[in-house]
Amino acid sequence: MPSSEAGKGVDVGTRTVLQQPDITRALTRIAHEILEANHGGSDLVLLGIPTRGAALAERLGRVLADIEPEWQSARAGIGSERVGTLDVTMHRDDLGHGIGRAPHRTVIPAGGIDGKVVVLVDDVLYSGRTVRAALDALQGIGRPRAVRLAVLVDRGHRELPIRADHVGKNLPTASDERVTLHLSETDGDDTVFIEQGVA
C-alpha cells in the first residue's frame, strides 16, 4: 500500500498539515542536522527515492550547498557530485502481489558511493518496506561507509525495524488515513495533507 500518492484535489475529510513554508523550514532543519551529525559535508551523498524523494533530495542538496562550501557542486542537482536517485522498484516485496509500479532511473552521483555516507531521502516513512528495498538496491551499486535516512514525514505504523535519522515532521495517524504529499516539481504545489478513511 503506498504511503503517499498524488491526489486530484483536497476533498471534504481532508486536513492540510504542512504548506510550502513548513516544508522549506523542515528541509533547512534536516540539512543542519545532517551536517552536525556528520561533522561537515565532505563525504556526504544524497540519494532520493523516486518520485518525490528524488525531488526532496535535490532541494536538500541546494540547502546544503547554501550552508556548506564543500557542497557547491550540489547546485547542479541530480547526477552532480553529491546528489542522485535510487530506484527500488525491482527490490520491493509487493511485486508478486499484482501491484504495478513503473521503474525509475537510478542516477549515481559522479563521485560514486564507495566509502561515502549515503543519506537516503524519501517523502513519507510508513511501513518501512520502501526503505528496506532501498537498502537492498544499494548493495548492487557500491559499499558506502554508512547509510542514513532522512524523510519529510514520519507517519508511524512501522512493519519493519526501521527508523529515520532525520525527520521533518512526525505525524501520528490512524491506520485508515492516508498521508498525501504534493511537491511543486511533481504536482504543482507544496502541501502535505491527511485524508480520512482512505489509507
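The text that follows walks through the structure, step by step, so that each part is easy to find. (Residues numbered from 1 in each chain as written. Predicted model: local features only at pLDDT ≥ 70, side-chain atom pairs only at ≥ 80, totals over all residues. Heavy atoms only, no water.)

Applying the stated criterion across every chain, the model contains 10 salt bridges. For the salt bridge of arginine 29 with glutamate 33, the shortest nitrogen-to-oxygen distance reads 3.9 Å. Placement of the pair is arginine 29 and glutamate 33 together in helix α1 (residues 20-38), with a separation of four residues, close to one helical turn. Overall, glutamate 33 belongs to the partly exposed group, its relative accessible area being 27%. Note that arginine 75 is salt-bridged to aspartate 66, the shortest N-O span being 2.5 Å. Residue classification places aspartate 66 among the exposed positions, given a relative accessible area of 56%. (Salt bridge = Lys/Arg side-chain N within 4 Å of Asp/Glu carboxyl O. Helix = DSSP H or I, 4+ residues; strand = E, 2+ residues; numbered from the N terminus. Buried < 20%, exposed > 50% of the residue type's maximum accessible area, 1.4 Å probe, protein only.)

For the rest of this paragraph, the subject is unusual backbone geometry. Most peptide bonds take the trans configuration, and most residues that are not glycine carry a negative phi. At the junction of proline 50 and threonine 51, the peptide bond is cis and its omega measures out at 10° in the coordinates. Considering the arrangement of structural elements, one finds threonine 51 in the loop between β2 (44-48) and α2 (52-67). The residue histidine 39 is not glycine, and still its phi comes out positive at about 55°. Residue placement: histidine 39 occurs in the loop between α1 and β2. For histidine 39, a relative accessible area of 76% corresponds to the exposed category. Of note in the backbone geometry, histidine 157 takes a positive phi value of approximately 65° without being a glycine. One can find histidine 157 in the loop between β5 (146-154) and β6 (166-170). Taking relative accessible area as the criterion, histidine 157 reaches 33% and is therefore assigned partly exposed.

Taken by themselves, the reported measurements are silent on function.
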